[in-house]
Amino acid sequence: MNAFINTLERAVFNRRGLLVLLFSLVTLFLAYQASQLKLDAGFTKNIPLNHEYMQTYIQHRENFGGANNILVSVCDTESDIFNQAFFDTLKNVHDQVFFINGVNRSLVVSLFAPSTRFTEIVEGGFSGGPVIPADFDSSNPAALQLVRKNIDKAGIVGRQVSNDFTCAMVTAQLLDIDPETGEKLDTLAIAAELESQLRGEFETDRITIHIIGFAKMIGDVANGAKDVVMFFGIAIAITGVMVFFFCRSLMLTILPLACSFIAVVWQLGLLTVFGFGLDPMSILVPFLVFAIGVSHGVQMINSVGKRAAQGMDVKLAAQHAFRTLLIPGGIALLSDTVGFMTLLVIDIGIIRELAITASMGVAVIILTNLLLLPVLMSYVKLSEANKARYLAKNIDSKLWKWVAGCASNKSALIIVGITSVLFVWGFYQSHQLKIGDLHAGAPALHEDSRYNQDTFLITDKYEITVDYISVIVEGPESACTNFEFMSAIDDFQWRMTNVEGVQSAISLASVAKKVNAGYNEGNPKWQVLPRNQATMVQAVSRVPTSSGLLNTDCSAMPVILFMEDHKAETITTVVDAVKEIRKLYENDDLSFKLASGPVGVMAATNEAVESSQDPMLYYVFGAVILLCLISFRSIRATLSVVIPLYVVSVLAQALMTFLQIGLTVSTLPVIALGVGIGVDYGIYILSTMTNQIREGNTVQQSYYAALQERGSAVLFTGITLAIGVSTWVFSTLKFQMDMGILLTFMFVVNMLGAIIVLPAIAKILWFKKDKSVSLDEKQ
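Residues numbered from 1 in each chain as written. Predicted model: local features only at pLDDT ≥ 70, side-chain atom pairs only at ≥ 80, totals over all residues. Heavy atoms only, no water.

**Comments concerning the overall build of the chain**
The secondary structure content of the chain amounts to 25 helices and 10 strands. Seen through its principal axes, the chain has C-alpha atoms that stretch 110 × 50 × 45 Å. Among the 779 residues that make up the chain, the fraction classed as buried is 59%. The contacts in the chain between residues at least 6 apart in sequence include a share of 80% that link residues at least 24 apart. Element-wise, carbon and sulfur atoms account for 58% of the exposed surface of the chain, whose accessible area totals about 31,800 Å². (Helix = DSSP H or I, 4+ residues; strand = E, 2+ residues; numbered from the N terminus. Buried < 20%, exposed > 50% of the residue type's maximum accessible area, 1.4 Å probe, protein only. Contact = heavy atoms within 4.5 Å. Areas by Shrake-Rupley, 256 points an atom, 1.4 Å probe, with all protein chains shown as cover.)

Structural data, given as structure tokens:
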């Protein structure tokens, strides 16, 4: 290995100019590619397509619609809806939604949709028609009163018209493929059109427009993500100031920042080269790449500065830093890369994209910060004043001498004891961690955001919301004409309606009962399912397939459960109830399959996240353990690095329970990211410690030497990175705020774990080998 490193060192530093030129050309090319990068958001990327529920969802999506829907509520703030201004606006909104590219026009529903009809019982039988007749004149009070009567007859209050008659709804389903281009639908373009062509065009002081749905939510996230650029700039500025105070040299400040920024440019450029976009939910990854780059860059400039201060030529100092840091830095970055790659085991597109994006960025740092940075530093001329400051850092430090006490016998036992107590407490708390969203509304956005306020308004005014789950009942052809099958569906619906968290429900069976009563003069006593097959056919024939309550051959019928919210606890309660209750009715001919609808997607995602949580941690820590064993060739050294990391990851999960942050698609990767970044601290410190121990020094003496060599850089990077991400608490995106809190915690506590817990564990593990020589005696 040493021979290889020496050969590589000569090859790199003997051709410094050529290497810098090559990096410059590649950076220019990838910078151009990065300029072509686009935000890429898609509904299917956010769901586990291979999950059992999603197989049901995909199978029946064409018949019953997907979960990628839009709800537009038009409201009158001054009176009820029965006035000319309101109906003119509602008509315009309906038409505008209908003609938005990517909308499934056959499934656009509102009062003005031809499929919105009423049926009434008259002397001669049934009478009916569209709720809004063809000759409707909104300026005619009589016509408005006729529409009011038709709405009551249609039974759509609470669904298409709000309970207080101040709002009316326009709903639509989005396609997956753009019908004009044949390519994947541009969700962000849809969101922009909804905002500009609906709210921007038709909202007034009196008429308000409220829009919810996945496309609108992800559009709002993308708009909020633009603030990430500002936070990225703030982080760079803070990091720059901190690096300058660390090294007191403008050039030594610029170089690690520049190399880290080049890594980000390469990462973004490579995404374009390989045909990827940047999802709004992954837009924070470039900052993490920058942060990791700075962490390794500071180690490099610290090493060069110390050697130069001791009288070594700057070029030789750069070569020495390259030689000594290539293995620990490379192992740390490989641990990061492999750790991030383990996220690929999670069968959710957006997490897999994040894994690829993060892994690609970290892998690039090996080139920019371990190869390019020492080459660039070999050209720097350090002033005598700068060398004197580095020399002063090498003088015996009271701080490091005090910190080195963590590796003494008594302190090590106390530290390990406290750590054990914290671990047990954290382990218990981490088992209280909820899977899924813990708050109403879109979890990626703050509660006071316009999107979530629109969600709360729609939930309050209507009996239905976007939070619904469909249980697909599958049977033989014409199952809907069989009393036994329909009775099972009806009974299942009744039981589910009484489950906590279910607001209301609808199915073909419940509608057929109302139709049957209609055929019997509306007598409530006849609001039952007819036992006679011919009468059953008569009842269900009045329900068209466009209602979404049955397919063409009547072999699949959804039971649609409208839920109070999509909180994790609510979803779990309802899904568990479905699994338990369906056992009463399923047989060889009839099955109740989960699930379709937006909450069905959330349920599948929550289960995928829950099933991936433990394997992800196993793979992450497995990769770290393997690489540490390869690097240190010591089980004790590996345990010294890994144990503090695992304790911190458990404490991070405990913190999530206290802050009421659920384990979701956006927070699941944070633990892996935190472990990946945190391992760097331990590897740098332990690489120096193990060399000292092998030379015969005690653990405490070895740790003191490691602190003198690496301690200031580790302490600096931990604090600097924590300050940088802590600014995210001011973000307009709630998921960015949550990630900022968690990453700040993990940066700081992982740094403390490397400085305090690691040496204490090392002391215990090397106790028998350790000499009973104190630090003062050695000196």
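Now, onward.
**Comments concerning the sheet that holds strand β8 (residues 502-506)**
Taking strand neighbours across the sheet as the criterion, the 4 strands line up as β8-β9-β7-β10 in an open arrangement whose pairing is antiparallel. The strands lining the two open edges of the sheet, one partner per strand, are β8 and β10 (591-596). Averaged over all adjacent pairs, the angle separating strand axes in this sheet is 25 degrees, with direction ignored. Sheet topology places strand β7 (residues 468-474) next to strand β9 (residues 556-563); 7 bridges connect them, and they run antiparallel. (Pairing = 2+ DSSP bridges. Axes fitted to C-alpha atoms, helices over the stretch in contact; angles between N-to-C directions.)

**Describing the side chain of Asn-516**
In this fold, Asn-516 is placed in helix α17 (residues 508-518). By relative accessible area, Asn-516 is classed as buried at 3%. Beyond its immediate chain neighbours, meaning those up to four positions away, Asn-516 contacts Trp-526, Val-528, Pro-530, Thr-535 and Ala-539.

**A closer look at the nonpolar core**
Among the nonpolar cores identified, the biggest contains 154 residues, and Met-616, Ile-685, Met-689, Tyr-703 and Phe-747 are the most heavily contacted of them. Element by element, the count of residues in this core is highest for helix α11 (residues 349-377), at 15 residues. Among all residues touching Tyr-703, those that are not within four sequence positions of it are Val-403, Ala-404, Ala-407, Ile-685, Met-689, Ala-754, Ile-755, Ile-756 and Pro-759. Membership of the second largest hydrophobic core comes to 52 residues, among which are Ala-488, Ala-509, Met-557 and Leu-590. (Core = buried A, V, L, I, M, F, W, Y, C linked by side-chain atoms within 4.5 Å.)

**Some points on the pattern of salt bridges**
Note that side chains of opposite charge can pair when their charged atoms are close. A full pass over the atoms with the stated rule returns 18 salt bridges. Lys-216 is the partner of Glu-195 in a salt bridge, and the nearest nitrogen-oxygen pair spans 3.0 Å. Highlighted residues: Glu-195 in helix α6 (residues 187-202) and Lys-216 in helix α7 (residues 214-247), separated in sequence by 21 residues. Note on Lys-216: relative accessible area 4%, which makes it buried. With a closest N to O distance of 3.2 Å, Asp-490 and Lys-513 form a salt bridge. Of this pair, Asp-490 sits in helix α16 (residues 483-497) while Lys-513 sits in helix α17, and the two are 23 residues apart along the sequence. (Salt bridge = Lys/Arg side-chain N within 4 Å of Asp/Glu carboxyl O.)

**Examining a nonpolar patch on the surface**
Together, Val-241, Phe-244, Phe-245, Leu-250, Met-251 and Ile-254 give the surface a local cluster of nonpolar side chains, amounting to about 570 Å² of exposed area. Those elements that provide at least two residues to the nonpolar patch are α7 and α8 (250-273). Note that Val-241 resides in helix α7. (Patch = residues over 30% accessible without salt bridge, like charges linked within 9 Å, V, L, I, M, F, W, Y side chains within 5 Å.)

**Some remarks on the packing of helix α2 (residues 16-35) against α11**
Packing of α2 against α11 brings their axes to within 10 Å, and their N-to-C directions diverge by 135 degrees. One finds that α2 runs oblique with respect to α11. For α2 against α11, the interelement crossing comes out left-handed. Between α2 and α11, the contacting residues are Arg-16, Leu-19, Val-20 and Phe-23 on the first element and Leu-367, Thr-368, Leu-371, Leu-372, Val-375 and Leu-376 on the second. (Parallel < 35°, antiparallel > 145°, perpendicular 65-115°, else oblique. Left-handed = near helix turned anticlockwise from the far one by under 90°.)

**Observations regarding the pairing of β9**
Looking down a regular strand, the side chains alternate between one sheet face and the other. Where burial is concerned, most of β9 is hidden: 8 out of the 8 residues are buried. Going residue by residue along β9, you find Ala-556, Pro-558, Ile-560 and Phe-562 tucked away on one face and Met-557, Val-559, Leu-561 and Met-563 tucked away on the opposite face as well. Note that β8 and β9 share 4 bridges and pair antiparallel. Residue pairing across strands places Ser-504 opposite Phe-562, the latter belonging to β9.

**Overview of the confidence of the model for the chain**
Mean pLDDT over the chain works out to 82, with 93% of the residues at or above the 70 mark. Confidence drops under a pLDDT of 50 for residues 772-779, and excluding neighbours within four residues, the segment shows 15 contacts in the predicted structure. (pLDDT = per-residue confidence, 0-100.)

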